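The primary structure of each chain is shown beneath.
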Amino acid sequence: MSLLKPYSRLLLVCGLVTGLLAGCAEKEQALQNTEKSSPAPAAPAAAKAHWSYEGDTSPEHWGELEEDFETCELGKEQSPIDIEAPDVKKDSHLSPVEVDYSPSEVSLVNNGHTIQVNVSGENNHIVLEGKSYTLKQFHFHLPSEHEVGGKHNEMELHFVHKTADGEIAVLGILINGGAENAELNKLWSQLPREESEEAVAIDGKFDLKALLPGDLHSYRYHGSLTTPPCTEGVQWIVLQQPVEWSEAQIGAFRTLFPHDNRPVQPLEGRTLETEG
Ligand SMILES: [Zn+2]
């Protein structure tokens with residue numbers, strides 16, 4: 001059981017899943033309004049995340065940290081995974097994911113676990129087998145969370161999408177050292193170095209497509225969020241072709257987050273599919 005008061009607990013949970021669950025801010029506000037007569041809670045401390053990538057709150061302990069996190073330990077469709085060629089089945093009925101992104105207003109948040117880029121508006125979508133998912137945010141892991149043939153790439157980018165009824169699809173992009181990505185500098189020149197709930201707005205519009213590889217062939221499987229509460233029912237699309245960033249661009253992220261990847265999880269008999 002948690003000793004946190006309901007308000008603190010909600011704030012904590014909202015802090016952890018910012019960007020994935022809409023409506024937390026409104027719920028926090030509603031609760032604050034009902035607590036007007038109480039002394040103000042210590043919001044910054046309560047909002048601080050209670051999970052991490054090392055020590056007593058590292059991934060192997062996530063399932064014990066909070067009642068809501070038990071799926072991290074008990075789930076049978078967890079992410080990330082190691083993608084091994086013999087497990088991948090070609091399906092001739094699958095067509096490559098359609099990515100319908102346009103230049104958009106974005107803002108950066110250092111949430112203590114990664115840099116999250118919040119995307120304004122409802123104009124960016126992917127279409128997967130006829131179903132449309134709207135882009136909400138994207139963020140980064142170092143090294144990559146998914147492995148291919150037992151090997152990490154240097155980083156991985158996750159575009160997180162949702163349908164109107166709450167289904168989640170994550171488009172994963174593997175990143176290797178190489179040529180500089182010029183568009184990325186719009187974000188990287190304003191990296192928030194300290195953890196904060198304040199978002200840093202980026203001037204002008206950001207070209208989301210500049211972060212994609214040319215080839216959209218993918219590995220698909222059913223998995224989970226890779227951070228607590230490790231919610232399952234997530235449709236994963238990991239693109240096969242990696243993109244390149246310069247070592248300086250990768251190094252700039254590494255100085256803030258030396259490693260922020262959850263280790264690969266058991267496949268548990270799941271099938272992986274690719275376009276035939
Ligand atoms: Zn992620």
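In case you missed it, the structure is sitting above this.
Rules and cut-offs
Residues numbered from 1 in each chain as written. Predicted model: local features only at pLDDT ≥ 70, side-chain atom pairs only at ≥ 80, totals over all residues. Heavy atoms only, no water. Buried < 20%, exposed > 50% of the residue type's maximum accessible area, 1.4 Å probe, protein only. Helix = DSSP H or I, 4+ residues; strand = E, 2+ residues; numbered from the N terminus. Arc of directions from axis to C-beta. Contact = heavy atoms within 4.5 Å. Core = buried A, V, L, I, M, F, W, Y, C linked by side-chain atoms within 4.5 Å. Donors = N, O, S within 2.8 Å, 3.2 Å for Na, K, Ca; no water. Lys, Arg positive; Asp, Glu negative; His and termini not counted. Salt bridge = Lys/Arg side-chain N within 4 Å of Asp/Glu carboxyl O. Polar contact = N/O pair within 3.5 Å; in protein donor to acceptor, adjacent residues only side chain to side chain. Pairing = 2+ DSSP bridges.

Participant: Would you take a moment to explain helix α7 (residues 247-256) for this structure?
Facilitator: Residues lying three or four places apart along an α-helix face the same way, a consequence of the helix completing one turn every 3.6 residues. Along α7, the positions that sit buried rather than exposed are Gln-249, Ile-250, Phe-253 and Leu-256. Seen from one end, α7 has its buried residues packed into an arc of 115°, which puts them on one side. Exposed and facing more than 90 degrees away from the buried side of α7 are Ala-248 and Thr-255. On its buried side, α7 packs onto β5 (115-119), β7 (131-141), β10 (155-162), β11 (168-177), α6 (185-188) and β15 (243-245).

Participant: Hey, could you run me through the nonpolar core in this one?
Facilitator: Among soluble globular proteins, nonpolar side chains are generally buried collectively. Counting 39 residues, the largest nonpolar core has Phe-138, Phe-140, Phe-159, Leu-171, Leu-187 and Trp-245 as the members making the most contacts within it. Core analysis: the next-biggest nonpolar cluster, separate from the first, contains 15 residues, Ile-83, Leu-174, Val-234 and Leu-267 among them.

Participant: I'm lost on the coordination of the zinc ion in this one. Help?
Facilitator: Working reference: metal with six octahedral donors, ideal angles 90 or 180 degrees; metal with four tetrahedral donors, ideal angle 109.5 degrees. Taken together, the protein ligands of the zinc ion are His-139 (NE2), His-141 (NE2) and His-158 (ND1), with distances of 2.0 to 2.1 Å. If you list the donors of the zinc ion from N- to C-terminus, the spacing comes out as H-x1-H-x16-H. Taken as a pair, His-141 in strand β7 and His-158 in strand β10 lie far apart in primary sequence, 17 residues in all. Grouping residues by exposure puts His-141 and His-158 together as buried.

Participant: Where do I start with the side chain of Asp-82 in this structure?
Facilitator: Mapped onto the elements, Asp-82 comes out in strand β1 (residues 82-83). No salt bridge is formed by the buried Asp-82. Its closest oppositely charged neighbour is Lys-151, at 9.4 Å. Separated by 3.5 Å, the side chain of Asp-82 and the backbone nitrogen of Gly-149 make a polar contact. Within the local environment of Asp-82, its side chain forms a polar contact with the backbone nitrogen of Gly-150, the two atoms lying 2.8 Å apart. Excluding anything up to four places from it in sequence, Asp-82 contacts Glu-147, Val-148, Gly-149, Gly-150 and Val-264.

Participant: Where do I start with the environment of Glu-98 in this structure?
Facilitator: The residue Glu-98 is located in strand β3 (residues 98-100) in this model. Considering only alpha carbons, one finds Glu-98 and Val-127, 29 residues apart in sequence, at a separation of 5.0 Å. If we skip the residues at most four places from it in the chain, Glu-98 touches His-125, Ile-126 and Val-127.

Participant: Can you walk me through the sheet that holds strand β9 (residues 151-152) in this structure?
Facilitator: Within a sheet, each strand pairs with its neighbour through backbone hydrogen bonds, oriented either parallel or antiparallel. Read from one edge to the other, the open sheet built from three strands follows the order β1-β8-β9, with strand pairing classed as mixed. Whereas interior strands pair on both sides, the edge strands pair on one side only; in this sheet they are β1 and β9. In this structure, strand β8 (residues 147-148) lies alongside β9, joined through two bridges in antiparallel fashion. Within β9, the residue paired with Glu-147 across the bridge is His-152.

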